[in-house]
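Residues per chain are reported as follows:
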Amino acid sequence: MQKTTVFSHAKKAAICCESNLPKRFASLSAGENESSLRKPNVLATHAGMQWIPGGSYQMGGDNHQAMEDEYPKHTVKVYGFWMDKTEVTNAQFTRFVKATGYITTAEKKVDWEELKKQLPPGTPKLPDSELAPASLVFKATKTPVNLADYSQWWEWKQGANWRHPQGPGSSINGKDNYPVVQVSWQDAAAYCKWAGKRLPTEAEWEWAARGKLRNNIYPWGNEPVNAGKLKANIWQGQFPYHNTIQDGYYRLAPIASFQANGYGLYDMAGNVWEWCQDYYNAGYYKQTSANNPQGPLKSYDPEEPYAVKRVIRGGSFLCNDSYCSGFRVSRRMKSTEDSGMEHLGFRCVASANQ
């Protein structure tokens, strides 16, 4: 597997199936977040969306698996909003690209001047070969590996992008109803703006994922993910070298392949991680407002203090309960704004007056 200098500066103790690469391009604003408690009229732009009524809940860790940044558990009030029932699909993203000519982050050459701003001072410039358009692709190992070193199962592959999720030779042909992946936060924000929507705040996302349940671990309740009927597209077996594929999918699953939660939302656990609007700040829960919080004013990850990161939620097809319980509703993860990965997508929301 190819290892880059970027990997050497990104290794960290807190691990999951996701990865963090430093930022490459300036962010694109998705606009202001507005909200309301009233249920608005259903508009044409709300097709495929579900109304999520406002309310108050306890946001944060629910069990022994919770990480430090999931605490303190605190009361949050959110206003009602519309949310896509499913993750944005390849077909939907294709329409966006055809209408706008948009070029995604992974399809562009890395801008070294932007990249070095979020690397430790004095980091040597990467070779031109490593600045070519590329993205992160999952590569299973043949044997058990050190799970603290995610470069063991991620490959920085040239030619990998939303049209070619595993790199050259891969394709989304025949996969219109699969979630689009290899999209950065900037790409997701651009799509939302074009669609007249926005990305969810972290508080909105967790409220919606809980699906009317109170203080439960998962969108379906408290039953372990591997007990009873199949609940989500996750990694079953020993990560990252053996997947039993009990759920029928080695990688991505088509949208809505598993039962919806109490709000009628699909894949709020597993399949792909989902971008949120908020900057990621490890200590944000210690200072957050309880009334419709919009996220911290700036990003801070003590593990990579130079990188600007956004929150991602929901887990993916690579999450396994033995080491990465990303499908818990309170699980917080983060990634740099320009990161594109094979297991990272998004869904949109709309405020009541949008």
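Everything discussed here concerns the structure shown above.
Residues numbered from 1 in each chain as written. Predicted model: local features only at pLDDT ≥ 70, side-chain atom pairs only at ≥ 80, totals over all residues. Heavy atoms only, no water.

Undergrad: Residue-level account of the pattern of salt bridges, with values.
TA: For the structure on display, the rule yields 19 salt bridges. Here arginine 163 and glutamate 107 are joined by a salt bridge, their closest N and O atoms 2.8 Å apart. Taken together, the residues arginine 163 in the loop between β6 (154-158) and α4 (185-194) and glutamate 107 in the loop between α2 (90-100) and α3 (112-115) connect sequence positions 56 residues apart. We classify glutamate 107 as partly exposed; its relative accessible area is 24%. Lysine 334 is paired through a salt bridge with aspartate 301; the nearest N and O atoms lie 3.9 Å apart. (Salt bridge = Lys/Arg side-chain N within 4 Å of Asp/Glu carboxyl O. Helix = DSSP H or I, 4+ residues; strand = E, 2+ residues; numbered from the N terminus. Buried < 20%, exposed > 50% of the residue type's maximum accessible area, 1.4 Å probe, protein only.)

Undergrad: Break down the packing of aromatic side chains for me, with residues and values.
TA: This model, assessed by the stated rule, comprises 20 aromatic pairs. When the ring of phenylalanine 138 is compared with that of tryptophan 235, the centres are 5.6 Å apart and the planes differ by 75°; the resulting orientation is edge-to-face. Taken together, the residues span a long stretch of sequence, with phenylalanine 138 in strand β5 (residues 134-138) and tryptophan 235 in the loop between α5 (202-210) and β7 (237-238) at a distance of 97 residues. When sorted by exposure, phenylalanine 138 lands in the same class as tryptophan 235, which is buried. Between the aromatic rings of tyrosine 191 and phenylalanine 346, the centroid separation amounts to 5.5 Å while the plane-to-plane angle is 70°, which identifies the pairing as edge-to-face. A residue pair is termed long-range when its members are at least 10 positions apart, and tyrosine 191 in helix α4 and phenylalanine 346 in the loop between β12 (344-345) and β13 (349-351) qualify at 155 residues. Aromatic rings pair up to connect Phe93, Phe96, Tyr102, Trp162, Tyr191, Trp194 and Phe346 into one cluster. The ring of tryptophan 185 has arginine 310 sitting right over it, with the charged end atom 3.7 Å from the ring centre. Across the ring face of tyrosine 285, the terminal group of arginine 332 is positioned such that the distance to the ring centre comes to 4.4 Å. (Phe/Tyr/Trp six-rings, centres within 6.5 Å; stacked < 30°, edge-to-face > 60°. Lys NZ or Arg CZ within 6 Å of the ring centre and 35° of its normal.)

Undergrad: Requested: an account of α2, with residues and values cited.
TA: Among the residues of α2, those classed as buried are Asn90, Ala91, Phe93, Phe96 and Val97. On its buried face, α2 sits against α4. Phi turns positive, to about 75°, at glycine 101, one or two residues after α2. (Contact = heavy atoms within 4.5 Å.)

Undergrad: Residue-level account of the packing of α2 against α4, with values.
TA: Packing of α2 against α4 brings their axes to within 11 Å, and their N-to-C directions diverge by 75°. Looking at the two axes, α2 sits roughly perpendicular to α4. Residues Gln92, Phe93, Arg95, Phe96, Ala99 and Thr100 of α2 touch α4, and the partners they reach there are Asp187, Ala190, Tyr191 and Trp194. In the contact of α2 with α4, the residues fall into six nonpolar, two polar and two charged. (Axes fitted to C-alpha atoms, helices over the stretch in contact; angles between N-to-C directions. Parallel < 35°, antiparallel > 145°, perpendicular 65-115°, else oblique. Nonpolar A, V, L, I, M, F, W, Y, C, P; charged D, E, K, R; others polar.)

Undergrad: Explain unusual backbone geometry to me, using residue names and the numbers behind them.
TA: For the bond from tyrosine 71 to proline 72, the omega torsion is 0°, close enough to zero to count as cis. As for its position among the elements, proline 72 is in the loop between β2 (55-59) and β3 (74-78). In the segment running from phenylalanine 239 into proline 240, the intervening peptide bond is cis, with an omega of 0°. Unlike most non-glycine residues, lysine 212 shows phi in positive territory, near 80°. Here lysine 212 is to be found in the loop between α5 and β7. At isoleucine 245, a position not held by glycine, the phi torsion is positive, near 55°. Assignment of secondary structure puts isoleucine 245 in the loop between β8 (242-243) and β9 (273-279). Under the relative-accessibility criterion, isoleucine 245 is labelled partly exposed at 34%.

Undergrad: Outline the sheet that holds β9, listing residues and values.
TA: If you walk across this open sheet you meet the four strands as β11-β10-β9-β12, and the pairing is mixed. Only two strands of the sheet have a single neighbouring strand rather than two, namely β11 (333-336) and β12. The pairing of strand β10 (residues 309-313) with β11 spans four bridges and is antiparallel. Following the sheet pairing, arginine 310 is matched in β11 by serine 335. (Pairing = 2+ DSSP bridges.)

Undergrad: Hey, could you go over the pairing of β9 for me, with residue numbers and the actual values?
TA: Among the seven residues of β9, six are classified as buried, and the element is accordingly described as predominantly covered. Sheet analysis places β9 next to β12, joined by two bridges and oriented parallel. The partner of glutamate 274 across the bridge, within β12, is glycine 345. Inspection of the sheet shows β9 paired to β10 by three bridges, in the antiparallel sense. Each bridged residue has a counterpart across the sheet, and for glutamate 274 the counterpart in β10 is arginine 313.

Undergrad: I'd like to hear about the side chain of asparagine 320, residue by residue, with values.
TA: Along the chain, asparagine 320 turns up in the loop between β10 and β11. Polar contacts involving the side chain of asparagine 320 include one to the main-chain carbonyl oxygen of tryptophan 235, which spans 3.0 Å. Every residue in contact with asparagine 320, bar those within four places of it in the chain, is listed here: Trp235, Gln236, Gly237, Phe239, Ser325 and Phe327. (Polar contact = N/O pair within 3.5 Å; in protein donor to acceptor, adjacent residues only side chain to side chain.)

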